[in-house]
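Per-entry structural report
One letter stands for each residue in the lines below.
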Amino acid sequence: MRALTGLRIVWVRARRSPALAGIPLLWGASVWLAFQHQQNWLGRWINTGLALNSAAGAVLCPLTAVIAAWLAGDARRAGHAVLEDGAARGRSARLLSLLATVCLWALPGYAVMTALAFWQTAQVNPAGELPWDLLALNAAFLVFGAAIGIAVGSLWPRKLVPVALGAALYFGGALVAYDGRSRSGLLYPVFGERWDPAGFLPGDLAAGIVCWLLLGGLSLIVVSSLDGAQHWGGMLLRGLVVAGAVASAVFLVTYSGPIPVKRTPPTAPACAPAGQGGTVCLWPSDEYLRPLVTSAYTKARQGAGTLKGFPVRLFQYGLAGAGPGASVHIGDAMPTVSGLTQSILETVVSREGDRLPCGDRLYPESADAAPITFYIHSILALRAGLPGGTGWRGLDRDIEKFMRLDTAVQDRWLEAAIDSLGSCDRAAPKAPLPDWPRTR
């Protein structure tokens, strides 16, 4: 009966605490994060899970820890700690009840964020499986943050402690997210910034991380609630929880498998004709992008005309087994046709790669000195039906004159100009215009 009275007091104190003002903020941040940077994750299930992981680790976990720390220290700041200690059977029951209360408030916001994110992905690419391991990991992340906040807030019930704790978790999570080699970073598993778009989570590692987050959080609470009058059964249970947390931490730090940064590309790419004798090969998980890539390939073919070097076989960056051809990086989960067209046209210009052996040379005698590649890219974009303006009046006038020439004449100049980029001692050819500027 005394235990129920203590839990009731904790619940009443939590409902009246100023920390509840942070709950709408937590939920609002969850919904807002579900709609941010959609081009980076929308369309791929694994990317959606990683985006939720980044949101949970970098924002929701610190906010949950702040709310929990404030609630845990609220009674001592208000002078009601004696009342709670007298009514409750033990401090552990009170802190565990507070943990359950915070989680019941925090998890609905995460659930809404998850539902919105996966609903959006399902509208774009329903194929594939949900990353259930990441969903469980992210939920455990919030429990971990709540446990850290309760442990810290109960030991140091100062008003500035919750703010300092939230800042430490936020910046600590950011550091871990950008550290792609540290195995100790698995103890605070924020993966959103360091995973490959085709990354995955090994099953044993996922289980180890979830166990660490749950047992590690519980161990902080059971250790911080020791009051010197514990029954041997309670001490044994505490020892098992702490031992499980230590074992999970040791497993993660000494994990012998690869840190999940990149998945081995499939050796059987999904290839299909793209029209005009071309073939496009994509990751199987990105098959939903084929209409966009095919349309971009057709427009780029139109812009390239008869130029040499146009890829007959185009394959997605990182795709193994695609054979010879040009590689195009599709960084966005929802790319645009114009952006993909520009990327394909760039493969025609570079040919030997993105690096020019002696840098990009200028047209120094032009009214608006510009690199040679500015001319080439703008002309190819206009020929493909894309916006080709550069912002330089003189340059745009030159290009406008050039576009009035016969297509065969344009192709001959573009071919010679592109070839000149691969040699430092070969000047770009003069265009068949009366006042076309000369090059270095």
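Refer to the structure presented above.
Residues numbered from 1 in each chain as written. Predicted model: local features only at pLDDT ≥ 70, side-chain atom pairs only at ≥ 80, totals over all residues. Heavy atoms only, no water.

We now examine a nonpolar patch on the surface. A surface patch of nonpolar side chains, about 220 Å² in accessible area, is lined by Val31, Phe35 and Val112. Tracing the backbone through its elements, the reader meets Val31 in helix H2 (residues 22-34). Residue classification places Val31 among the partly exposed positions, given a relative accessible area of 31%. (Patch = residues over 30% accessible without salt bridge, like charges linked within 9 Å, V, L, I, M, F, W, Y side chains within 5 Å. Areas by Shrake-Rupley, 256 points an atom, 1.4 Å probe, with all protein chains shown as cover. Salt bridge = Lys/Arg side-chain N within 4 Å of Asp/Glu carboxyl O. Helix = DSSP H or I, 4+ residues; strand = E, 2+ residues; numbered from the N terminus. Buried < 20%, exposed > 50% of the residue type's maximum accessible area, 1.4 Å probe, protein only.)

So, on to the packing of aromatic side chains. To describe a pair of aromatic rings, you give the distance between the ring centres and the angle between the ring planes. Throughout the structure, instances matching the rule amount to seven aromatic pairs. Between Phe141 and Tyr188 the ring centres are 5.0 Å apart and the planes differ by 75 degrees, which places this aromatic pair in the edge-to-face class. Of this pair, Phe141 sits in helix H7 (residues 132-155) while Tyr188 sits in the loop between helix H8 (160-177) and helix H9 (203-224), placing them 47 residues apart in sequence. For the pair Phe141 and Tyr188, one class covers both residues: buried. Lying across the ring of Phe310, Arg301 places its NZ or CZ 4.3 Å from the centre. (Phe/Tyr/Trp six-rings, centres within 6.5 Å; stacked < 30°, edge-to-face > 60°. Lys NZ or Arg CZ within 6 Å of the ring centre and 35° of its normal.)

This part covers empty space enclosed by the protein. Counting across every chain of the model gives one cavity of 30 Å³ or more. In this structure, the largest cavity spans a volume of roughly 60 Å³. Lining the largest cavity, in full, are Val280, Cys281, Leu282, Val293, Leu314, Phe315, Gln316, Val328, Ile330, Leu340 and Ile344. Going through the elements one at a time, strand E2 (278-282), strand E3 (313-316) and helix H12 (337-350) are the ones with two or more residues in the lining of the largest cavity. When its residues are assigned to classes, the lining of the largest cavity shows 10 nonpolar, one polar and no charged. (1 Å grid on protein atoms, 1.4 Å probe; cavity = no way out; pocket = protein on both sides within 12 Å on 5 of 7 lines; lining within 4 Å. Points joined across faces, edges and corners; volume = space filled by probe spheres on them. Nonpolar A, V, L, I, M, F, W, Y, C, P; charged D, E, K, R; others polar.)

By the definition in use, this model includes one disulfide. Shown here is the disulfide that connects Cys271 with Cys281, its sulfur atoms set 2.0 Å apart. Disulfide Cys271-Cys281: torsion about the S-S bond near 110 degrees, hence right-handed. Placement of the pair is Cys271 in strand E1 (residues 270-275) and Cys281 in strand E2, with a sequence separation of 10 residues. Residue classification places Cys271 among the partly exposed positions, given a relative accessible area of 33%. (Disulfide = S-S within 2.5 Å.)

Attention now moves to the nonpolar core. Formed by 38 residues in total, the largest nonpolar core has its most connected members in Val293, Leu314, Ile344, Ile376 and Trp413. Mapped by element, the contributors of at least two residues to this core are E2, helix H11 (290-304), strand E4 (326-328), H12, helix H13 (372-383), helix H14 (393-402) and helix H15 (407-420). The element that contributes the greatest number of residues to this core is H13, accounting for six residues. Setting aside chain neighbours within four positions, we find Leu314 in contact with Thr279, Val280, Cys281, Val293, Tyr297, Ala326, Val328 and Ile344. (Core = buried A, V, L, I, M, F, W, Y, C linked by side-chain atoms within 4.5 Å. Contact = heavy atoms within 4.5 Å.)

For the rest of this paragraph, the subject is the packing of H13 against H15. Where H13 contacts H15, the axes come no closer than 11 Å and their chain directions differ by 145 degrees. Handedness of the crossing formed by H13 with H15: left-handed. For the pair H13 and H15, the contacting residues are Tyr375, Ile376, Ile379, Leu380 and Arg383 in the first and Thr407, Gln410, Asp411, Trp413, Leu414, Ala417 and Ile418 in the second. Tallied by class, residues from the contact of H13 with H15 come to eight nonpolar, two polar and two charged. (Axes fitted to C-alpha atoms, helices over the stretch in contact; angles between N-to-C directions. Left-handed = near helix turned anticlockwise from the far one by under 90°.)

Viewed as axis vectors pointing N to C, helix H6 (residues 91-124) and H9 meet at an angle of 145 degrees, and their least axial separation amounts to 9 Å. The hand of the H6/H9 crossing is right-handed. In this structure, H6 contributes Arg91, Leu95, Leu96 and Leu99 to the contact, and H9 contributes Leu218, Ile221 and Ser224. The residue makeup of the contact of H6 with H9, split by class, is five nonpolar, one polar and one charged.

Read these as layout, nothing more, since geometry by itself doesn't imply function.
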